[in-house]
Amino acid sequence: MRYFLLPVLLVGALQLYSQKPNDTLSVEKIMQDPKWIGTSPGNVFWKPDGTMIYFFWNPEKAPSDSLYGYDVRTKKISKLDYRSAQKELSIKSGSFDQKHERIAFVFNGDIYLLTIQNGKIQRITQTSTGKRTPSFSMHDQWIVFESDQNLYAWDIANGSTRQLTHFINTDSPSTAKLNLQEEWLRLQQTQTSSVIEERKHKRELHDEILKSTKETDTIKNIYVGKKQVEDLAISPDGRFITYNLVELPTNAKETIVPQYVNESGFTAEIPSRTKVGAPQEKSNFYIFDRKNDSIFRMSTDSLPGIFQYPEFLKDYPEKEQKKKAARDAFVLKFSWNQEGILAVADIRSLDFKDRWLMKWDAKLKSLTLVDHQHDEAWIAGPGIGWEDLPSMGWINDHQFYFQSEASGYSHLYTFDLSSGKKKQLTYGNYEIDKLTLSRDKKYFYFISNEDHPGKQQYYKMKTDGTDKEKITGMEGGYEPALSPDEKTFAYRYSYQNIPWELYIQENAPGKKPLQVTQLAMSKEWQSYPWRDPKIFSFTARDGKQVYARIYEPQKNARHSRAAVIFVHGAGYLQNVTFRWSYYFREFMFNNLLADLGYTVMDIDYRASAGYGRDWRTAIYRHMGGKDLDDQVDAARWLVKERGVDSARIGMYGGSYGGFITLMALFTQPKVFKAGAALRPVTDWAHYNHGYAAAILNEPFNDSLAYARSSPINFASGLKSNLLICHGMVDENVHVQDAFRLSQRLIELGKDNWNLAVYPVEDHSFVESSSWADEYKRILKLFESSLNSFF
């Protein structure tokens, strides 16, 4: 039985609506298992010797994809067995030595060493304890790995293994604090007994002798108390070990997600996450000098601007007066040069508003500024890192590269640590992404949308910023993977209405690509004339150009003068591109709507990716502001330029798109007459910290931002028909959001809304039956609200 919650939260059966618009498309057809479309290759990577290209594929329409290999010599494709596939995937995640001749990797919990030239694999460990993060050190003489929160080194020459760290989860005996009474008694005892005083003196002398004659390989005890050891790493020369000590909050309440339908027959509880504003973990970064047996704690209290508090606090005078302490910060990434003398630390403020790149000098044990990026909104952008790691590294032992939005767009910069000079290498109103450095460190490779915001191409450029070349040429999207010798590259390519296929091409401009996977799409898929939506821009109320694409009824076909706007999710995501969309189901549904006479529009509203810093941060402290204005302006464009009836415009979208749909119906009822909000955030104060706090700050610090950004506060404005759909096992946007809004609508006496819940679905649906059920409801909503009087 499927369940549907009516406005009074009664569960009952619903006669579902399903219309077949023509002999080709129906909701049941487009929402069935995606294997009906065909199979696209995914996760492309090379075998280290360059003889094979691996990718996930499913031409057999099996329950799940398998790893396949394309032999570049014979040009044949073959399927790998499970164990071989797991081995190749493990090697892919391994670490190279400096010459790229060997790879250290983890397979089934143990460490192995691959010699690329002859394919020989040597097993290094064979124990029951798990190992991770193998890397080469001591100028490639060691393979260092982590096990049980400690580092170990395997000597390649003699096969011996030594322990490098010994972290102890208690406080150091020497730092154990005595209370005043205990300290008084200790002093009194030494003052009243010469024997005790003499023994104390002898013990201290003995400790000094031991310290002065200590063996160099003696392991230092490092007491960490109750803190967790994370990010263990070693310098290239083996001298320094770096790590974070993380203090987890003890008073941060975590949510649970009830799972009502499962094989046990009992309600299960899935541990989930904290809510925004909950106490966050705090970390301190340390550098352990093995040679001098000393530990350096990297203090962030002297960072430039660390005492500068955010401007939003001016809206709260009572809080601004309390600004005294340095803001919390943490080391996100620490990168050594090959010599092991200099390193660059990427340090972030816990409030998301600052990024410091700091040079650490191993000889001076000092920090100096390389670059400081400050954003009153939040630090992010391609290659800069927000919920992922930044693109940064060393060209040589004194020249460092990184990305920054200092110009308003994410561009590539270098910094010479010898001269202290910073240089911008790429310029313009475009962004670069997926940055990599060639193995000889002479070239950068990256994706850029400089030709058009929605067109991505692959580029090659010298590390001094000269001789930039566009290597790819087809209009669409690319996901490249360079061969080990960098003479060729494999890539996934797609277009708006052509799913991903695998190609291989010589690494030079103008070269003809060879298509590896041929006719991966099914005949059934190819039998329908999928639209190639027009991509264009319109002018928003503030004069900015908003990029969009439009699905229109065929010429001489039924045209209902009704329109639907689809809103992509994630907020920070780019959907108006010439590549195959992540929202392929919605692409098909939009085609179905166009067949029914609707005009469908899809825009990259404010907050979308691909358009620079100002576009990304336009929603700071007000989600549902400028991003919703863009949707309203799109509706007005449809009326003016496409003759759409202003009384017959609907909207649908999931996640952030569901949130926008709610804000549209609650605050713009004269513009939008129906809306389907799928898995929507209804109150940002109940979302996760990493996303919500970056954009809206913390609820207890910036209540104004949450008040104007949360749909639940505007529910009284609902006048049009609303459908809410939500998976009950959603670990991202909890179904609690939908339930809280439902209660609010009940209390307001609203009767023009429905809630459909899906007991076995997470944030992204899996079951085709759930997809079909959801979209039949959406179609029924639009047909009954927008198209019923055509």
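Not measured: the values here are computed from a predicted model.

## Thoughts on unusual backbone geometry
- With a phi angle near 60°, His100 is a residue other than glycine that sits in the positive phi range.
- Tracing the backbone shows His100 in the loop between strand 6 (95-96) and strand 7 (102-107).
- Even without a glycine there, the phi angle at Glu486 is positive, about 60°.
- Overall, the relative accessible area of 16% leaves Glu486 in the buried class.

## A few points about the packing of aromatic side chains
- Under the definition given, this model contains 57 aromatic pairs.
- Taken together, a centroid distance of 5.4 Å and an interplanar angle of 65° make the contact between Trp580 and Phe587 edge-to-face.
- Consider the rings of Phe589 and Tyr652, whose centres lie 5.6 Å apart with planes at 85°: the pair is edge-to-face. Residue Phe589 is found in helix 7 (residues 584-595), and its partner Tyr652 is found in strand 42 (residues 649-654); the two are separated by 63 residues along the sequence. Comparing Phe589 with Tyr652, the two get one shared label, buried.
- In this arrangement the basic side chain of Lys460 is found over the ring face of Tyr443, its NZ or CZ atom lying 4.3 Å from the centre.

## What about empty space enclosed by the protein?
- On inspection of all chains with the given rule, the structure shows one cavity of 30 Å³ or more.
- Estimates place the volume of the largest cavity at around 30 Å³.
- In terms of residue count, the dominant contributor to the lining of the largest cavity is helix 7 (three residues).
- Taken together, the residues of the lining of the largest cavity sort by class into four nonpolar, three polar and three charged.

## Notes on the environment of Ile30
- Its place among the elements puts Ile30 in helix 1 (residues 27-30).
- For Ile30, a relative accessible area of 1% translates into the label buried.
- Each C-alpha atom of the pair Ile30 and Thr667 lies 32 Å from the other, and the pair is 637 residues apart in sequence.
- Those residues in contact with Ile30 that sit more than four places away from it in its chain are Leu25, Trp36, Trp530, Met588, Phe589 and Leu592.

## Observations concerning the packing of helix 9 (residues 626-642) against helix 10 (residues 656-667)
- As a packed pair, helix 9 and helix 10 sit with axes 10 Å apart at the nearest point and diverge in direction by 70°. With respect to their mutual orientation, helix 9 and helix 10 come out roughly perpendicular. Contact with helix 9, carried on its side by Asp627, Leu628 and Gln631, involves Tyr656, Phe659, Ile660, Met663, Ala664 and Thr667 of helix 10 and no other residues of that element.
- In terms of residue class, the contact of helix 9 with helix 10 is made up of six nonpolar, two polar and one charged.

## Here we look at the packing of helix 7 against helix 14 (residues 768-785)
- One way to put it is that helix 7 packs onto helix 14 with a least axis distance of 12 Å and a crossing angle of 35°. At the point where helix 7 passes helix 14, the crossing takes the right-handed sense. Two secondary-structure elements touch here, helix 7 through Arg585, Glu586, Phe589, Leu592 and Leu593 and helix 14 through Trp771, Tyr775, Ile778, Leu779 and Phe782.
- Residue composition of the contact of helix 7 with helix 14, by class: eight nonpolar, no polar and two charged.

## Some details on the layout of surface pockets
- Approximately 1200 Å³ is the volume attributed to the second largest pocket.
- In terms of lining residues, the second largest pocket is bounded by 48 residues, among which Pro34, Tyr582, Tyr583, Phe584 and Arg585 are the most central.
- In terms of residue class, the lining of the second largest pocket is made up of 23 nonpolar, 16 polar and nine charged.

## A short note on the pattern of salt bridges
- Tallying each qualifying case throughout the model produces 42 salt bridges.
- We note a salt bridge from Arg621 to Asp702, for which the minimum N-O separation is 2.7 Å. On the criterion of sequence distance, the pair formed by Arg621 in the loop between helix 8 (613-616) and helix 9 and Asp702 in the loop between helix 11 (689-696) and helix 12 (703-709) is long-range, its members being 81 residues apart.
- Between Asp645 and Arg648 there is a salt bridge, with its nearest N and O atoms 4.0 Å apart. Residues Asp645 and Arg648 agree in their burial class; the two are buried.

## A closer look at the nonpolar core
- Formed by 86 residues in total, the largest nonpolar core has its most connected members in Trp378, Met601, Phe672, Trp684 and Leu722.
- Each residue touching Met601, except ones within four places of it in the same chain, is listed here: Phe536, Phe538, Ala548, Arg549, Val564, Ile565, Phe566, Ala634, Trp637 and Leu638.
- Formed by 45 residues, the second largest nonpolar core is a distinct cluster that contains Trp36, Tyr583, Leu723 and Tyr775.

## Quick notes on the side chain of Ser710
- Examined against the element boundaries, Ser710 turns out to sit in the loop between helix 12 and strand 44 (721-727).
- Looking at Ser710, its side chain comes within polar contact range of the main-chain oxygen of Tyr706, at 3.0 Å.

## Re a nonpolar patch on the surface
- On the surface, Tyr260, Val261 and Val760 cluster together into a nonpolar patch covering about 280 Å² of accessible area.
- Examined against the element boundaries, Tyr260 turns out to sit in the loop between strand 18 (256-259) and strand 19 (268-271).

## Structural notes on the sheet that holds strand 28 (residues 411-416)
- Within the open sheet, the four strands sit side by side as 26-27-28-29. Their pairing is antiparallel. Both outer strands of the open sheet, strand 26 (392-394) and strand 29 (421-424), are each paired with one neighbouring strand and no more. Each adjacent strand pair in this sheet contributes to an overall mean axis angle of 20°, direction not counted.
- Of the strand pairs in this sheet, strand 27 (residues 399-404) and strand 28 are connected by six bridges, and their pairing is antiparallel. Bridged to Tyr401 within strand 28 is Thr414.

## Brief notes about the confidence of the model for the protein
- Across the protein, the average pLDDT comes to 92, with 94% of residues at or above 70.
- Scored below 50 in pLDDT, residues 1-22 makes 51 contacts in the model with residues more than four places away or belonging to other chains.

## Brief notes about the side chain of Ser560
- Tracing the backbone shows Ser560 in the loop between strand 39 (545-551) and strand 40 (563-567).
- Under the relative-accessibility criterion, Ser560 is labelled buried at 1%.
- Within polar-contact distance, the side chain of Ser560 engages the backbone nitrogen of Ala562 at 3.1 Å.

## Considerations on the sheet that holds strand 25 (residues 366-374)
- Taken in spatial order, the four strands line up as 22-23-24-25 in an open sheet, and their pairing is antiparallel. In this open sheet, the two edge strands, each paired with only one partner strand, are strand 22 (329-336) and strand 25. Between one strand axis and the next, the sheet turns through 25° on average, direction left out of account.
- Of the pairings in the sheet, the one linking strand 23 (residues 342-349) to strand 24 (residues 354-361) comprises seven bridges and is antiparallel in character. Residue Ala345 lies in a different strand from strand 24, and its bridge partner there is Met358.

## Description of the pairing of strand 3 (residues 52-57)
- For strand 3, the buried fraction is high: five of the six residues fall into the buried class.
- As paired elements, strand 2 (residues 42-46) and strand 3 share three bridges and run antiparallel to each other. Bridge pairing in strand 3 places Trp46 opposite Ile53.
- Counted between consecutive antiparallel strands, the loop separating strand 2 from strand 3 contains five residues, among which Gly50 sits at a positive phi close to 80°.

Analysis parameters
- Residues numbered from 1 in each chain as written.
- Predicted model: local features only at pLDDT ≥ 70, side-chain atom pairs only at ≥ 80, totals over all residues.
- Heavy atoms only, no water.
- Helix = DSSP H or I, 4+ residues; strand = E, 2+ residues; numbered from the N terminus.
- Buried < 20%, exposed > 50% of the residue type's maximum accessible area, 1.4 Å probe, protein only.
- Phe/Tyr/Trp six-rings, centres within 6.5 Å; stacked < 30°, edge-to-face > 60°.
- Lys NZ or Arg CZ within 6 Å of the ring centre and 35° of its normal.
- 1 Å grid on protein atoms, 1.4 Å probe; cavity = no way out; pocket = protein on both sides within 12 Å on 5 of 7 lines; lining within 4 Å.
- Points joined across faces, edges and corners; volume = space filled by probe spheres on them.
- Nonpolar A, V, L, I, M, F, W, Y, C, P; charged D, E, K, R; others polar.
- Contact = heavy atoms within 4.5 Å.
- Axes fitted to C-alpha atoms, helices over the stretch in contact; angles between N-to-C directions.
- Parallel < 35°, antiparallel > 145°, perpendicular 65-115°, else oblique.
- Left-handed = near helix turned anticlockwise from the far one by under 90°.
- Salt bridge = Lys/Arg side-chain N within 4 Å of Asp/Glu carboxyl O.
- Core = buried A, V, L, I, M, F, W, Y, C linked by side-chain atoms within 4.5 Å.
- Polar contact = N/O pair within 3.5 Å; in protein donor to acceptor, adjacent residues only side chain to side chain.
- Patch = residues over 30% accessible without salt bridge, like charges linked within 9 Å, V, L, I, M, F, W, Y side chains within 5 Å.
- Areas by Shrake-Rupley, 256 points an atom, 1.4 Å probe, with all protein chains shown as cover.
- Pairing = 2+ DSSP bridges.
- pLDDT = per-residue confidence, 0-100.

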